[in-house]
Every structure is written in structure tokens, then in C-alpha cells.
Amino acid sequence: REILRGEPLFQCLDEEQLDALLQRSRLNHFGRGERVIEEGAEGDSMFVLLRGSANVSVAKNGAAIRVGTLHSGDCFGEMSLLTGERRTATVRAVADCYVMEISKPTMAEVIRQAPECLNQLSELLAKRKMETEGIIKDAHLAQGEEAKQREYSATFLRRLRTFFEL
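From a predicted model like this one, the values you see are computed outputs, not experimental measurements. For every chain, the first residue of the written sequence is number 1, and numbering continues from 1 onward in sequence order. pLDDT decides what is reported in this predicted model: residues at 70 or higher carry local features, side-chain atom pairs at 80 or more are listed and counted, and totals for whole chains, interfaces and linings draw on all residues regardless. As a rule here, side-chain values cover all heavy atoms of the structure and leave hydrogens and water aside.

Asks: Can you break down the sheet that holds strand E2 (residues 35-37) residue by residue, with the values?
Replies: Pairing between two strands requires that DSSP report at least two bridges joining them. Secondary structure elements are taken from DSSP: a helix is a run of H or I of four residues or more, a strand is a run of E of two residues or more, and numbering for both begins at the N terminus. Spatially, E2-E7-E4-E5 is the arrangement adopted by the 4 strands of the open sheet, whose pairing is antiparallel. Two strands bound the open sheet, and with one partner strand each, they are E2 and strand E5 (63-70). When strand polarity is set aside, the average angle formed by the axes of neighbouring strands in this sheet is 35 degrees. As paired elements, E2 and strand E7 (residues 90-93) share 2 bridges and run antiparallel to each other. By the bridge assignment, Arg35 is partnered in E7 with Arg92. Note on method: axes are straight lines fitted to C-alpha atoms, helices fitted across the in-contact stretch only, with angles between N-to-C directions ranging 0 to 180 degrees.

Shown next as C-alpha cells:
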């Protein structure tokens, strides 16, 4: 619960909604070197790394390029869960990892119970998309970037409503 409270994706949930999310989610264990998600695969769940670490890599010219490392408390796979997009990276356990998996039906139920979270989710997704595109270089947005973030937020909001049939 403490880990989820620290993640922006879940800050809009009250205690009862957070409890429901925890009860409906699944705890998975991945050993060293095991793939948690694979780039290009379809995804209908997201993950919260509870313990351990994992490397994030993307394929480029036939080689896996490491682009980051995930640690306890990090969320990943949310774009696929929340929008239906294919996985954009491979995540592989560095050492033993305990990961909470949140399925689409579980997240859909949470969103139905807390529709006010949709705006926050769409803004967060827009910010993460801009970060992965390299648009955001620091915490302050230039005017053009603010407009782009608003545009992405509106797009994600529409997609979330469609995807979760709201």
C-alpha cells in the first residue's frame, strides 16, 4: 500500500479503492534474467515493482539497448494497460523480483468507481509519452510543450474512455 501511495498513477484513489486494487491484483515472482514484459507484445496489464530491480531495453538495429533500470516502487506497462498500445520495451529481472500485476478488468473496475481519476491518468500518460519522446528536458515546460501536453492529455482522455468503455 505504501508503495502504491507514492506512485502518481494511484494518488487519486481513496483507501477503499486502493484496498480493492490490492485484493484483485496478482503477485508474481521473476528470477534473474526472466522477462517480465517483451517489446512489441500486446499487453493488458501493468506492473508495480515491489522488490528487486529490472533492466529496461529497446531493440535497435537487432540489438537490445538498455535505456533504464527499474527499482522498488516503479510502475511500468501502464501505457499498454491504459491505452491498448503494444509494449514499447522489454523489462528483464536483474535479480529476484516481486511484481504486482494489475489486469485490465481490475483497473477498469477501479476507474469505474473513481471516474475523477481519468483526468489525472490522461495527464500522467501525456507527460510520460512526452518524456519518452524526449520533449521534456526539465521540470519547466515551454509554451509549445504545454500545448502539446494538453493535446496529449485530451487524446489520452478520449482513448481511456473508449478503451474502458466509459
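Asks: Tell me about the side chain of Ser25, and please be specific about residues and values.
Replies: Tracing the sequence through the fold places Ser25 in the loop between helix H2 (15-24) and strand E1 (26-30). Only 2.7 Å separates the side chain of Ser25 from the backbone oxygen of Leu21, close enough to count as a polar contact. Any N or O atom pair separated by 3.5 Å or less is treated as a polar contact, with the protein-specific requirement of one donor-capable and one acceptor-capable atom, and with residues adjacent in sequence counted only for side-chain atom pairs.

Asks: Quick one: what's the story with the confidence of the model for the chain, residue by residue and with numbers?
Replies: Note: predicted coordinates in regions of low pLDDT should not be interpreted at a detailed level. Of all residues in the chain, 91% have pLDDT values of 70 or greater, and the mean over the chain is 84. Values of pLDDT, which run from 0 to 100, indicate the predictor's confidence residue by residue. Any pair of residues with heavy atoms lying within 4.5 Å of one another is described as a contacting pair. In the model, residues 135-140 has pLDDT below 50 throughout and makes 9 contacts with residues more than four positions away in sequence or in other chains.

Asks: Help me get a handle on the pairing of E5, residues and values and all.
Replies: Here strand E4 (residues 54-60) pairs with E5 via 7 bridges, running antiparallel. For Ala54, the partnering residue across the bridge sits in E5 and is Leu70. Connecting E4 to the next strand, E5, in antiparallel fashion are 2 residues, including Asn61 with a positive phi near 50 degrees.

Asks: Give me the lowdown on empty space enclosed by the protein, citing residues and values where you can.
Replies: Method remark: on a 1 Å grid restricted to protein atoms, a set of points is classed as a cavity if a 1.4 Å probe fits but cannot get out and as a pocket if it is open with protein on both sides within 12 Å along at least five of seven lines; lining residues have an atom within 4 Å of a point. Grid points are joined across faces, edges and corners, and a volume is the space filled by probe spheres set on the points. Taken as a whole, this structure holds 1 cavity of 30 Å³ or more when the rule is applied. Its volume calculated, the largest cavity comes out at about 50 Å³. In terms of lining residues, the largest cavity is bounded by Leu9, Phe10, Cys12, Leu13, Met107, Val110, Ile111, Ala114, Cys117 and Leu121. Of all the secondary-structure elements, those providing two or more residues to the lining of the largest cavity are helix H4 (104-113) and helix H5 (117-133). When residues of the lining of the largest cavity are assigned to their parent elements, the largest contribution, 3 residues, is made by H4.

Asks: Pulling in residues and values, what's your account of the pairing of strand E3 (residues 45-51)?
Replies: Counted residue by residue, E3 has 5 buried out of 7 residues, so it is predominantly covered. Across 6 bridges, E3 lies against strand E8 (residues 97-103) in antiparallel orientation. Note that in E8 the partner of Phe47 across the bridge is Glu101. A simple rule labels every residue: compare its accessible area, found with a 1.4 Å probe on the protein chains alone, to the largest value its type can have, and call it buried under 20%, exposed over 50%, or partly exposed in between.

Asks: Could you give an account of the nonpolar core, naming the residues involved and the relevant values?
Replies: The set of buried Ala, Val, Leu, Ile, Met, Phe, Trp, Tyr and Cys residues whose side-chain atoms join them within 4.5 Å is what this entry labels a nonpolar core. Within the largest apolar cluster, 33 residues are counted, with the highest numbers of intra-cluster contacts made by Phe10, Leu13, Leu82 and Met107. If you list the elements that add at least two residues to this core, you get H2, E3, helix H3 (78-83), E8, H4, H5 and helix H6 (143-163). Among the elements that make up this core, the one with the highest residue count is H5 (7 residues). Ignoring sequence-local partners within four residues, the contact set of Phe10 consists of Leu4, Arg5, Leu18, Leu21, Met46, Val48, Cys75, Ile102 and Met107.

Asks: Quick one: what's the story with the state of the cysteines, residue by residue and with numbers?
Replies: By definition, disulfides here are pairs of cysteine sulfur atoms that lie within 2.5 Å. Scanning the model with the defined rule gives 1 disulfide in all. Between the sulfur atoms of Cys12 and its disulfide partner Cys117 the distance amounts to 2.0 Å. On the sign convention where negative means left-handed, the S-S torsion of about 115 degrees between Cys12 and Cys117 marks this disulfide as right-handed. Linking Cys12 in the loop between helix H1 (2-5) and H2 with Cys117 in helix H5, this pair joins segments that are 105 residues apart in sequence. Here Cys12 and Cys117 have matching classes, each one buried. Among the cysteines around Cys75, which has no disulfide bond, Cys12 carries the closest sulfur, lying 12 Å off.

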